[in-house]
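Spelled out, the chains give:
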There are 4 protein chains.
Amino acid sequence: MIRVGVAGAAGYLGGELLRLLIGHPGTEVAHAVSTRFPGRRVDSVHPNLRAQTDLLFSAPDELGACDVLLTATPHKATMSLLPHLRDRAKTVIDLSGDFRDPDPAVYERYYGVPHTAPELLGAFVPGVPELFRAELAEADLISVPGCMAAAAILALRPLTGLIGPDVQIDARTGSSGSGALAGDANLHAERSGALRVFAPVRHRHEAEVARLTGLNARMTATGVEAVRGVQVVCHATGTASADERAVRRAYRESYAGEPFVRIVAHRAGTHRLPDPKLLSGSNYCDVGFAVDGDRITAIAALDNLVKGGAGAAVQCLNIRTGQPETLGLGFPGLHPV
Amino acid sequence: MIRVGVAGAAGYLGGELLRLLIGHPGTEVAHAVSTRFPGRRVDSVHPNLRAQTDLLFSAPDELGACDVLLTATPHKATMSLLPHLRDRAKTVIDLSGDFRDPDPAVYERYYGVPHTAPELLGAFVPGVPELFRAELAEADLISVPGCMAAAAILALRPLTGLIGPDVQIDARTGSSGSGALAGDANLHAERSGALRVFAPVRHRHEAEVARLTGLNARMTATGVEAVRGVQVVCHATGTASADERAVRRAYRESYAGEPFVRIVAHRAGTHRLPDPKLLSGSNYCDVGFAVDGDRITAIAALDNLVKGGAGAAVQCLNIRTGQPETLGLGFPGLHPV
Amino acid sequence: MIRVGVAGAAGYLGGELLRLLIGHPGTEVAHAVSTRFPGRRVDSVHPNLRAQTDLLFSAPDELGACDVLLTATPHKATMSLLPHLRDRAKTVIDLSGDFRDPDPAVYERYYGVPHTAPELLGAFVPGVPELFRAELAEADLISVPGCMAAAAILALRPLTGLIGPDVQIDARTGSSGSGALAGDANLHAERSGALRVFAPVRHRHEAEVARLTGLNARMTATGVEAVRGVQVVCHATGTASADERAVRRAYRESYAGEPFVRIVAHRAGTHRLPDPKLLSGSNYCDVGFAVDGDRITAIAALDNLVKGGAGAAVQCLNIRTGQPETLGLGFPGLHPV
Amino acid sequence: MIRVGVAGAAGYLGGELLRLLIGHPGTEVAHAVSTRFPGRRVDSVHPNLRAQTDLLFSAPDELGACDVLLTATPHKATMSLLPHLRDRAKTVIDLSGDFRDPDPAVYERYYGVPHTAPELLGAFVPGVPELFRAELAEADLISVPGCMAAAAILALRPLTGLIGPDVQIDARTGSSGSGALAGDANLHAERSGALRVFAPVRHRHEAEVARLTGLNARMTATGVEAVRGVQVVCHATGTASADERAVRRAYRESYAGEPFVRIVAHRAGTHRLPDPKLLSGSNYCDVGFAVDGDRITAIAALDNLVKGGAGAAVQCLNIRTGQPETLGLGFPGLHPV
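The model shown is predicted, which means the values in this text are computed figures rather than measured ones.

### Concerning the interface of chain B and chain D
You'll often see interface size given as the accessible area lost when the parts meet.
In step 1: With 29 residues of chain B at the contact, the number on the chain D side is 29 residues.
In step 2: Buried surface at the junction of chain B and chain D, summed over both partners, amounts to about 2,700 Å²; 60% is from carbon and sulfur atoms.
In step 3: The interface formed by chain B and chain D includes 12 residue pairs in polar contact (both at pLDDT 80 or more).
In step 4: Residue composition of the side of chain B that touches chain D, by class: 14 nonpolar, 10 polar and 5 charged.

So, in structure tokens, the structure goes:
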């Protein structure tokens, strides 16, 4: 039994980690740390866990030793916190934005503040099993990419050599991505039914995509009417050889045997391209595409809290701890929903 | 031109008052008072008013004399505030819950605190034109009923003599009813798609219904997935003579000539009974019913911010100031939407 | 391995049966029958099953022998169909409305047509494990109750002796309850955001509630903005001894040890009473209540396609075939969603 | 009083034309033609028009002479229909896709069939008052652009000279755009919450944008969770001089004095960029932008049934008939909603 600790356990990513880890046959949740609710029942904050657990939140200083520590703490706070928690566990898997790029200058450019633990940056392996499975099996520090970055990386990576360097990514996200803290912008009456272009240019996840795909990626992001779910629509220019057959072959070769990537690119049907509506609770990332002359549109969808966060983290944990990679991640999603 | 002031102008009811009064050919908004945003443009808070007005919010102490003052300030705060504002206008129309019942004991029972201006309570005329049109034409103090109460009163009042005294009201409401202040309960990710029984028994609007219908009204309230809209489904027991024909006749007689009540009770069709989905922005209250043996179900729907608040207030203002009752209230609602 | 067949497999209940049975460690889906799509891949209709199965739909006459047959075929059609399919399996579990009441007169009253297989009616055991666990362990014919009936039965049954005979049930349902066939009434633009009182009196599920609770149950039903989910709010009059403590004790005693009923009746908190929003994909029925003097409000919520249909059927199958009752039904639901 | 006829009056665009024209002080609806519902009350199909009109639908052969005929009939059917109706009115305003491009080859490329009335194509003036006001004042044949094209044209046209020729348009639309006929794809349970990329490449509106802006426009289209509303996010490359100040100046100069275009491009705030959520029922098109180095993102939002259809048509009618351009189009939209 792998003993795990979760920091930031009262947030939405924290709750999703708890759901997956409590239902996981190979892990035991030893600590669920929350600065806001120490001593309270976990299911008072995450009501879907009623009858699943009697766990209480612990205060940060109660966090004891565990095999794997998962940090789902806020951006900017995590870089101060993680160095102090580093020794509590052999392996740390971070879900925040603070340890994703080895270059502190990139961090400062996109997050607006200097990085306070730059010495750790180079040690993290990206939590993308499809690209770094071997490295993850031995990694002690893992950084899970941002939800929109994860989708875009999986959509674009197979196209290397088939597209030009410039890619425009149109990302759409549900409201859970902005977290569990209430504010004017995520008040239901304001956010419901919105099509809110909250990042018309330069969404910070574009740096992650650029690094892991080698493309000149630009990302625009829009909040849509949904709680969960991310979709990216990536606009690229195909090279001369990039006809539909070549593109399909590239996706098939990239993802043959991948347990959590499905190619969804049918010629007809209501559900012929990836849609996050089908993926709530599931660890799948669906990827698809369309080709028209030299235009290539690559599309990916995932649940931002699962394959875009907690599920990816558990998949990495499984790899790192030598368990079957899909363990605890079997929920396929619902239809209709 | 009637000069009006709006207190609580930055809230959702306040914004709706501004929309209606700015578009009203017979009124001029002299003051839009907000304690939170004095000096800011009104359209920075109510973006639907862009290009409609250059008005700025004023601070409470800047409120000068006007013909009609509309107070859309919070429950419990209004009873302290209104006595100080009383002399700024000949007529005050209050949209809060603080002056709806002449009996301060009823207030204390439902609001949990003693009333601080009990001497004023008896002077208010209820802002229900369908019941108090003559009194409203001369009233200096008007209290608009709660949104769910307004719907239930219009659904039930025609049934006097046709039903027994006990009525169970099942009320449903969109999220705008809880106002523009963000909190954990109205965070989009929590509130979206909810069926939240926030008042399983004894919703405070039941007192208003009881008083204005003479029935023993009990109200349960549920928040549903919507921003605007209220619907009440009222369960009553019919007397021996209350067959469908008699019930229909009662509604027709009650509402013949009423400009803002429509009877919607068809035998077939998708839209055969009142649904607030059709009423966003409109001042209509749709009422309908079904009869099965001695069971009578009375249904009403309205937009909580219009006929359940700001629209009713403007209708009262029109009556009080001798203008055509429907002036500025012509928007019929959209379909589909 | 239990070999199962599913008739009506292309519908929404059929798809949910397939999801649960394909993910179930003790069952093998031998046949997925569809009259509309024979020969097509199951995942072309139920896209959430991509990468879960390569199963194809079979035509009705291809249905071979199996251990358990589950019929999720339409009301009125099933009573003609089931007698012909009866011999294909030792046990038949029907999810339609056609075999729920032993009295054919009740069927005719609520469904408007005479029953064509009245001789079978008395042989069915209701698919409510909480009430009929022992009988279900030996039943060869099982009839799963309607989704709203199931919720109301679980909400009300513990109150026997604590409430008077008359109960008004206010039921709310998502759009998946009306099935996978497109029509004017469930067109997205019409149905989205609706509060549609489609049964103001006498919803047919009231007969099921009456029979299994002994109450004089009346049911009103409203379509709300949701795809999945049912909630019932039941209004009853308490007897003299029915204070909050007595009511809570009754629920606790009724459901102690029940794996899929949770009591949700907290004094505070956003999620203090049952809400189907939390239950999509889960087999839980959450029940709760509030007491105010002699008013008792009992509330239940469930996923109409799971505990209100396919999940209840699988729970019955588990009981009938001697497997652990919770097998294949472990998904707890998501939050937020 | 201008006598108008509406063909296709039972569809969603037809209903919106009726709402606007019935509420318009200068027009009288003489005929509301429907092939499906002749003889039925208009408000039985468009329930928001209850108490607004007693009009009945007429059969196509009952269409008599009128001053202006508005055709909101389906694509592909209209090109056969319109030549026969041409003589019923001095001015015909077509809302279908059949007469938008003077080149029949463009029609065939995007609609897949040859045009059957190519001789008429050159005679239509595009129904875009912001670009063709003078021509519209004298036009006898007017073709209103597609909803997504209208938004993109207004977003991009001011950028002439400031951007390179290649533009990628990411368009999002509510479900009302696919019309009032039910089908598998717009069933509520399937369409609700969807992010459906129904045109990953080459949406047909791109041809209209290309023609009226001179740009090499490519359009991808996604159905989002909404009934009304269109938003376009246009990705362009700025020229050397295209800094934020220059871009803002270009928009201001283009739209100074335009009654129905608002520039919404604030530095902060929840509503800082165009969002169709605010525009339901309104004839505004909000346009905004962001600049980051050589990346320019231009954004526009409108109600597809109003400024993207019926409202634009009425605005053209006002111009053509010499009435104030804004007559009957004063509804500003709601907030919150």
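The discussion continues.
### Let's talk about the packing of aromatic side chains
The description of an aromatic ring pair rests on the distance of the ring centres and on the angle between the ring planes.
In step 1: Overall, the coordinates contain 22 aromatic pairs over all chains when judged by the stated rule.
In step 2: Aromatic side chains Tyr107 of chain A and Tyr111 of chain A sit 4.6 Å apart centroid to centroid with 5 degrees between the ring planes, which places their arrangement in the stacked category. With Tyr107 of chain A and Tyr111 of chain A both in helix α4 (residues 104-111) and 4 residues apart, this pair spans about one turn of that helix. Note on accessibility: Tyr107 of chain A and Tyr111 of chain A belong to one class, buried.
In step 3: Note on Phe260 of chain D and Tyr284 of chain D: the rings are 6.1 Å apart at their centroids and 65 degrees apart in plane angle, and the pair reads as edge-to-face. Taken together, the residues span a long stretch of sequence, with Phe260 of chain D in the loop between α10 (244-255) and β11 (261-263) and Tyr284 of chain D in the loop between β11 and β12 (285-292) at a distance of 24 residues.
In step 4: The exposure class assigned to Tyr284 of chain D is buried, which follows from its relative accessible area of 7%.

### Considerations on the sheet that holds strand β3 (residues 66-71) of chain A
In step 1: Spatially, 6 strands are ordered β2-β1-β3-β4-β6-β5 (chain A) in an open sheet, and the strand pairing comes out parallel. Strands with a single pairing partner mark the edges of an open sheet, and in this sheet they are β2 (27-33) and β5 (125-126) of chain A.

### So, the relation of the copies chain D and chain A
In step 1: Least-squares fitting of chain D to chain A yields an RMSD of 0.0 Å, with the superposition described by an axial translation of 0.0 Å and a rotation of 180 degrees. Such a combination of turn and shift is consistent with a two-fold rotation axis. Measuring from the rotation axis to each C-alpha of chain D, the shortest distance belongs to Glu225 of chain D, at 3.0 Å.
In step 2: Comparing interface residues between copies, 100% of those in chain D also lie at the interface in chain A; the contact surface is shared.

### Some details on unusual backbone geometry
In step 1: Between His335 of chain C and the following residue, Pro336 of chain C, the backbone shows a cis peptide bond with an omega angle of -10 degrees.
In step 2: Note on placement: Pro336 of chain C falls in the segment after α11 (306-320).
In step 3: Even without being glycine, Ala51 of chain D reaches a positive phi, approximately 70 degrees.
In step 4: Relative accessible area serves as the criterion here: at 58%, Ala51 of chain D is assigned to the exposed category.

### Description of the UniProt feature "domain: Semialdehyde dehydrogenase NAD-binding" (unreviewed entry) in chain A
In step 1: Feature annotation in UniProt places "domain: Semialdehyde dehydrogenase NAD-binding" (unreviewed entry) on residues 3-139 of chain A, given in this structure's numbering.
In step 2: A distance of 17 Å separates the end C-alpha atoms of residues 3-139 of chain A, which is 31% helix and 19% strand.

### Describing the packing of helix α6 (residues 129-136) of chain A against helix α11 (residues 306-320) of chain A
Residues and elements named next belong to chain A.
In step 1: Between α6 and α11, whose axes approach to 10 Å, the crossing angle comes to 35 degrees. In this structure, α6 crosses over α11, and the sense of that crossing is right-handed. Along the contact surface, α6 presents Pro129, Glu130, Arg133 and Leu136, while α11 presents Lys307, Gln315, Cys316, Ile319 and Arg320.
In step 2: Grouping the constituent residues of the contact of α6 with α11 by class yields 4 nonpolar, 1 polar and 4 charged.

### Section: the side chain of Arg196 of chain B
In step 1: Locating Arg196 of chain B in the fold gives a position in strand β8 (residues 196-199).
In step 2: As a buried residue without a salt bridge, Arg196 of chain B has its nearest oppositely charged side chain in Asp275 of chain C, at a separation of 5.2 Å.
In step 3: Residues contacting Arg196 of chain B, with those up to four places away along its chain left out, are Ala185, Glu190, Arg191, Ala221, Thr222 and Gly223 of chain B together with Thr270 and Asp275 of chain C.

### With respect to the pattern of salt bridges
Residue and element names in this part refer to chain A.
In step 1: Within this structure, the stated rule accounts for 84 salt bridges over all chains.
In step 2: Of the charged contacts, one joins Arg133 and Glu258 as a salt bridge, the two residues approaching to 2.8 Å between their closest N and O atoms. Taken together, the residues span a long stretch of sequence, with Arg133 in helix α6 and Glu258 in the loop between α10 (244-255) and β11 (261-263) at a distance of 125 residues.
In step 3: Relative accessible area serves as the criterion here: at 29%, Arg133 is assigned to the partly exposed category.
In step 4: Where Asp303 meets Arg228, a salt bridge forms, and the shortest distance between an N and an O atom there is 2.9 Å. Separated by 75 residues along the polypeptide, Asp303 in the loop between β13 (295-302) and α11 and Arg228 in the loop between β9 (216-223) and β10 (230-237) bring together distant segments of the chain.
In step 5: Classification of Asp303 by relative accessible area gives buried; the value is 1%.
In step 6: You can call Arg228 buried: its relative accessible area is 6%.
In step 7: Here the salt bridges share partners, and the residues they tie into one network are Glu16, Arg19, Arg228 and Asp303.

### Re the pairing of strand β2 (residues 27-33) of chain D
Residues and elements named next belong to chain D.
In step 1: Most of β2 sits out of view: 5 of its 7 residues are buried.
In step 2: Direction of pairing for strand β1 (residues 2-7) relative to β2: parallel, over a ladder of 6 bridges. Pairing of Arg3 across the sheet is with Glu28, part of β2.
In step 3: A crossover connection joins β1 to the parallel β2 through helix α1 (residues 12-22); in handedness this β-α-β unit is right-handed.

### Overview of the nonpolar core
Residues and elements named next belong to chain D.
In step 1: Core analysis: the largest hydrophobic core is formed by 85 residues, its most contacted members being Leu17, Leu70, Leu156 and Ile169.
In step 2: Broken down by element, the residue count for this core peaks at 10 residues, all from helix α7 (residues 147-156).
In step 3: A domain split of this core shows at least three residues from each of domain 1 (2-123) and domain 2 (148-302).
In step 4: Setting aside anything within four residues of it in sequence, one finds Leu156 in contact with Ile163, Val167, Ile169, Val209, Thr213, Leu215, Cys234 and Ala298.

### Focus: the packing of helix α1 (residues 12-22) of chain A against α11 of chain A
Residue and element names in this part refer to chain A.
In step 1: Look at α1 against α11: their axes get within 9 Å of each other, and the N-to-C directions meet at 45 degrees. The pairing of α1 with α11 is recorded here as oblique in orientation. Between α1 and α11 lies a crossing of right-handed hand. Together, Leu13, Glu16, Leu17, Arg19, Leu20 and Leu21 of α1 and Val306, Gly309, Ala310, Gly311, Ala313, Val314 and Leu317 of α11 make up the contact between the two elements.
In step 2: When grouped by side-chain class, the residues that make up the contact of α1 with α11 number 9 nonpolar, 2 polar and 2 charged.

### Some words on the domain arrangement of chain A
All names here are of chain A.
In step 1: Its domain assignment divides chain A into domain 1 (2-123) and domain 2 (148-302).
In step 2: Taking only C-alpha atoms, the centre of domain 1 and the centre of domain 2 are 26 Å apart.
In step 3: Across the domain 1 to domain 2 interface the summed buried area is about 1,200 Å²; carbon plus sulfur atoms make up 50%.
In step 4: On the domain 1 side of the contact with domain 2, Tyr12, Arg100 and Tyr110 bury the most area, a combined 50% of that side's loss.
In step 5: Of the charged contacts, one joins Glu16 and Arg228 as a salt bridge, the two residues approaching to 2.8 Å between their closest N and O atoms.
In step 6: Linking domain 1 to domain 2 there are 5 residue pairs in polar contact (both at pLDDT 80 or more).
In step 7: Every element with two or more residues in the side of domain 1 that touches domain 2 is listed here: α1 and α4.
In step 8: Broken down by element, the residue count for the side of domain 1 that touches domain 2 peaks at 4 residues, all from α4.

### A word on the interface of chain D and chain A
In step 1: With 44 residues of chain D at the contact, the number on the chain A side is 45 residues.
In step 2: A salt bridge links Asp170 of chain D to Arg172 of chain A; the shortest N-O distance between them is 2.4 Å.
In step 3: At the junction of chain D with chain A, the criterion picks out 30 residue pairs in polar contact (both at pLDDT 80 or more).
In step 4: Among the elements of the structure, β7 (166-173), α8 (188-191), β8 (196-199), β9 (216-223), β10 (230-237), β12 and β13 (295-302) of chain D are those that each provide at least two residues to the side of chain D that touches chain A.

The rules behind each value
- Residues numbered from 1 in each chain as written.
- Chains lettered and ligands numbered in written order.
- Predicted model: local features only at pLDDT ≥ 70, side-chain atom pairs only at ≥ 80, totals over all residues.
- Heavy atoms only, no water.
- Contact = heavy atoms within 4.5 Å.
- Buried area = accessible area lost by both parts, 1.4 Å probe.
- Polar contact = N/O pair within 3.5 Å; in protein donor to acceptor, adjacent residues only side chain to side chain.
- Nonpolar A, V, L, I, M, F, W, Y, C, P; charged D, E, K, R; others polar.
- Phe/Tyr/Trp six-rings, centres within 6.5 Å; stacked < 30°, edge-to-face > 60°.
- Helix = DSSP H or I, 4+ residues; strand = E, 2+ residues; numbered from the N terminus.
- Buried < 20%, exposed > 50% of the residue type's maximum accessible area, 1.4 Å probe, protein only.
- Pairing = 2+ DSSP bridges.
- Least-squares fit on C-alpha atoms with pLDDT ≥ 70 in both.
- UniProt positions renumbered as here; feature names shortened; annotations may be inferred.
- Axes fitted to C-alpha atoms, helices over the stretch in contact; angles between N-to-C directions.
- Left-handed = near helix turned anticlockwise from the far one by under 90°.
- Lys, Arg positive; Asp, Glu negative; His and termini not counted.
- Salt bridge = Lys/Arg side-chain N within 4 Å of Asp/Glu carboxyl O.
- Right-handed = clockwise from strand over helix to strand, strands pointing away.
- Core = buried A, V, L, I, M, F, W, Y, C linked by side-chain atoms within 4.5 Å.
- Domains from an automatic or database assignment.
- Parallel < 35°, antiparallel > 145°, perpendicular 65-115°, else oblique.

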